[in-house]
Amino acid sequence: MLLTELHRRQRSISARVMRVVLQVLLPFLLIPLTSQAWANIIQSIFPLINQARTESAILAREYYDTQRKNHVDDDQFDIDLPAYEYDWFYEAMFPSQKSFQSSETSLGEAAQAGFRAVKEVENGGRRTIRNAVDRDSSAVGWARVATGRETCGFCLMLVSRGPVYQSAESAGLNADATTALDILDENDAQAFNELMTRFHPNCDCKVVPVFDRMNWQGRDDYLAARDTWIEATKGFSGRDALNAFRRAIEDNQVDPEEFAVVK
């Protein structure tokens, strides 16, 4: 399986989730929800999210197997699909609760809630690959690659880091923006690598297993992103470097879509 097929099939899963979540939420745009009503809604859509997340994990498993087969000549490697619980989903959706407790919720806020649900679904596939890399002695790491849907400056910066060679279990999946910027300022390489696991709602990034440092899907785009980052951030460091990179994107000096593996 190529990354293009993974991307296409994952988008189909995600689109289905987005459609159903919006069907559930849109009737409440003008109806302020109590905390209990919100919890009931989240509980009602959790089975859909859990099932779709499992589908994403199985899809990622299939992708991992094909990539491994291309580089490793031995038996199929066992991969445990990551578990998921209602409490985790409720916590992930909590930022949208305040919007739906107001007297009027915008379509944009409803869409953002949908994107948060989709992120949880897609993270099932991302985590499957990261967990496999962590346990598979044949893998040398994993890389974050963009697929062209929505690649922000922060994402492209992480794409430019290339493969990560560290345990997935220690990764800071819930690092917030302030923590991310603090880490940039501190130049903490290990902590910075942990930010590779941070995906925002509507993020287009995929996780790709790396078995050969010189040959993996997305390597050419990573090298181009790395060179662009170096050029755009000359004379800057920490958060100033990220701000310089964002300015380059806003001024159309850098086009994130140029570094997407899937156009």
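The structure this text deals with has already been given above.
So, here's what we can say about the structure. (Residues numbered from 1 in each chain as written. Predicted model: local features only at pLDDT ≥ 70, side-chain atom pairs only at ≥ 80, totals over all residues. Heavy atoms only, no water.)

### Observations concerning the overall build of the chain
- If you tally the helices and strands in the chain, you get nine helices and two strands.
- Across the chain, helices and strands are ordered from the amino to the carboxyl terminus as α-α-α-α-β-α-α-α-β-α-α.
- A buried classification covers 49% of the 263 residues belonging to the chain.
- In the chain, once contacts between residues fewer than 6 apart in sequence are set aside, the share between residues at least 24 apart is 80%.
- Taken as a whole, the chain presents about 12700 Å² of accessible surface, with 47% of it coming from carbon and sulfur. (Helix = DSSP H or I, 4+ residues; strand = E, 2+ residues; numbered from the N terminus. Buried < 20%, exposed > 50% of the residue type's maximum accessible area, 1.4 Å probe, protein only. Contact = heavy atoms within 4.5 Å. Areas by Shrake-Rupley, 256 points an atom, 1.4 Å probe, with all protein chains shown as cover.)

### Some points on empty space enclosed by the protein
- Following the criterion strictly, the structure yields one cavity of 30 Å³ or more and no others.
- For the largest cavity, the calculated volume is near 90 Å³.
- Here the lining of the largest cavity takes four residues from helix H4 (residues 107-135), the largest share from any one element.
- When grouped by side-chain class, the residues that make up the lining of the largest cavity number five nonpolar, three polar and three charged. (1 Å grid on protein atoms, 1.4 Å probe; cavity = no way out; pocket = protein on both sides within 12 Å on 5 of 7 lines; lining within 4 Å. Points joined across faces, edges and corners; volume = space filled by probe spheres on them. Nonpolar A, V, L, I, M, F, W, Y, C, P; charged D, E, K, R; others polar.)

### Some points on the packing of helix H1 (residues 3-25) against helix H2 (residues 35-71)
- Two elements in contact, H1 and H2, have axes whose closest approach is 11 Å; the angle formed by their N-to-C orientations is 175°. Considered as vectors, H1 and H2 are oriented roughly antiparallel to each other. Between H1, through Leu3, Leu6, Arg9, Gln10, Ile13, Arg16, Val17, Val20, Val21, Val24 and Leu25, and H2, the contact on the second element is made entirely by Trp38, Ile41, Ile45, Leu48, Ile49, Ala52, Glu55, Ser56, Leu59, Glu62 and Tyr63.
- Split by residue class, the contact of H1 with H2 holds 16 nonpolar, two polar and four charged. (Axes fitted to C-alpha atoms, helices over the stretch in contact; angles between N-to-C directions. Parallel < 35°, antiparallel > 145°, perpendicular 65-115°, else oblique.)

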